[in-house]
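Breakdown of the fold
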Amino acid sequence: MIGILDLQGGVLEHLDHLQRLGIPARRVKVATELKGLKGLILPGGESTCLRRLLAMEKMDDAIRAAAKRGLKLWGTCAGAILLADEIVGETGILKLMEITVERNAYGSQLDSFNCLVSIAELAPEPLPLVFIRAPVIVRTGKSVRTLLEVKGKIAAAESDAALVTTFHPELSPTLAFHAYFAHKCGVRPTTKTMALAPDWSMTSWTRLAKV
Ligand code: GLN
């Protein structure tokens, strides 16, 4: 079972992608809901807001404790900011990965962009990715390896315990990262693994609104 931290941000879109791969998933609002999970996705949103909500709900300590017990973590965009051990100009939040991130480093909202990338380890076909006021990974420590650079900047990286992507695979048909994370967690997709969802639309997650 993979959880999606459900305090703020793009939760249902991740749930939709996991369901398309047949990966058991649930929303996680409180610490007790971390029990039994193999992995946790920290979604994109606004890291300032997520920082406050994590502290208010005491989820920061609970996630750190679960990570110590072996829970794998994947941060997308703001989620990557939560995991970084250093944030340029701010104090770190969960500090669970040896990276430094710089917020909004591609520019303002108007500089948000889509692109197609090839990552041989993940899929043979090019994958569409969405960057929304994305951070940049400006330093990786010894325990971290770079998976992808976009516009000359590190956009995806992983350690044994965590994956970070500064973009949003959940906002495009790209399923390859969700399949990759499930594999990292030791959770097997029940449907045939697909890199791209054939029938995806910008609003397909709305069918999950009542989950
Ligand atoms: N700019 C946001 C932040 O710094 C992240 C944006 C996102 O998650 N798409 O928190």
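Above this note sits the structure.
Sequence order sets the numbering: in each chain, residues are counted from 1 along the sequence as written. Totals for whole chains, interfaces and linings use all residues, but because this is a predicted model, local features are given only for residues with pLDDT of at least 70 and pairs of side-chain atoms are given and counted only at 80 or more. Excluded from the side-chain calculation are hydrogens and water; included are all heavy atoms of the structure.

We now examine the pattern of salt bridges. Only one rule defines a salt bridge in this text: a Lys or Arg side-chain nitrogen within 4 Å of an Asp or Glu carboxyl oxygen. Taken as a whole, this structure holds 15 salt bridges when the rule is applied. Among the ionic pairs, Arg207 bridges to Asp16, the shortest N-O distance being 2.4 Å. Of this pair, Arg207 sits in the segment after α5 (176-185) while Asp16 sits in helix α1 (residues 11-20), and the two are 191 residues apart along the sequence. Residue burial is assigned from relative accessible area. The probe radius is 1.4 Å, only protein chains are included, and a residue is buried under 20% of its type maximum, exposed over 50%, and partly exposed in between. We classify Asp16 as buried; its relative accessible area is 1%. Counting from the N terminus, the helices are the DSSP runs of H or I reaching at least four residues and the strands are the DSSP runs of E reaching at least two.

So, about the nonpolar core. Within the largest apolar cluster, 43 residues are counted, with the highest numbers of intra-cluster contacts made by Ile2, Phe131, Leu148 and Val150. At the level of secondary structure, the elements contributing two or more residues to this core comprise β1 (2-5), α1, β7 (113-117), β8 (127-131), β10 (145-150), β11 (153-158) and α5. A total of 7 residues in this core trace back to one element, the largest contributor, which is α5. The contact criterion used is simple: two residues touch if any of their non-hydrogen atoms lie within 4.5 Å. Discounting chain neighbours no more than four positions away, the residues touching Phe131 are Tyr106, Ser112, Phe113, Cys115, Val150, Ala155, Thr166 and Phe167. Within this scheme, the nonpolar core is defined by two criteria: the residues are buried Ala, Val, Leu, Ile, Met, Phe, Trp, Tyr or Cys, and they are joined through side-chain atoms within 4.5 Å.

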